[in-house]
Amino acid sequence: MENLTIADLKPGQKNLAMQVIVIDKKIDSSMRDMMFLVGDVSGCVILMLQGQMYSKLEPGDCLMLRNASAILKDDRLVLWMDRDTGKLTRFAEDMIAYVPKPIISHFLWVQQDNDWVKGKLCKTDQWVI
């Protein structure tokens, strides 16, 4: 799939290619995975990356993601990049437009008639899951 927006994401999608901007990051030294809030013109989602090599990413960085996957973590949608198969490229654009809400990682996702749909909003005070 090429040029998806965050609003197009559904659990189980693989081999995704997207352009996003880093809005915020959370680094926990005890975790192997790093979490970034990323956005585009349709909303925001949590991006999880493996390894400390991504610790230099900063808010405002524009990223091209390739071979990303949309997965469920505690019934919430997150983007996942495996360090062996995913490819992340920082690129020089002035800025990618984004809207701060909705953060689709804050919705519970449920399967309905062989499709995934957003359920109720479950967290609004902070962006971590």
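Refer to the structure presented above.
In this text, all values refer to a predicted model and were calculated from it rather than measured experimentally.

**A closer look at the side chain of S105**
Turning to its location among the elements, S105 is positioned in the loop between β6 (87-91) and β7 (107-112). Separated by 3.0 Å, the side chain of S105 and the backbone nitrogen of I46 make a polar contact.

**Overview of unusual backbone geometry**
With glycine set apart, most residues show a phi of negative sign, and most peptide bonds adopt trans. Phi angles above zero are rare outside glycine, and N15 is one such case at about 55 degrees. For N15, the location among the structural elements is in the segment before β1 (16-26). In this model, N67 sits at a positive phi of 65 degrees, which is unusual for a non-glycine residue. Here N67 shows up in strand β4 (residues 62-73).

**Topic: the environment of I23**
Its location among the elements puts I23 in strand β1. When neighbours within four sequence positions are excluded, I23 is seen to be in contact with L37, V38, G39, C44, P59 and Y98.

The rules behind the values
- Residues numbered from 1 in each chain as written.
- Predicted model: local features only at pLDDT ≥ 70, side-chain atom pairs only at ≥ 80, totals over all residues.
- Heavy atoms only, no water.
- Helix = DSSP H or I, 4+ residues; strand = E, 2+ residues; numbered from the N terminus.
- Polar contact = N/O pair within 3.5 Å; in protein donor to acceptor, adjacent residues only side chain to side chain.
- Contact = heavy atoms within 4.5 Å.

Purely geometric stuff here, so don't read any function into it on its own.
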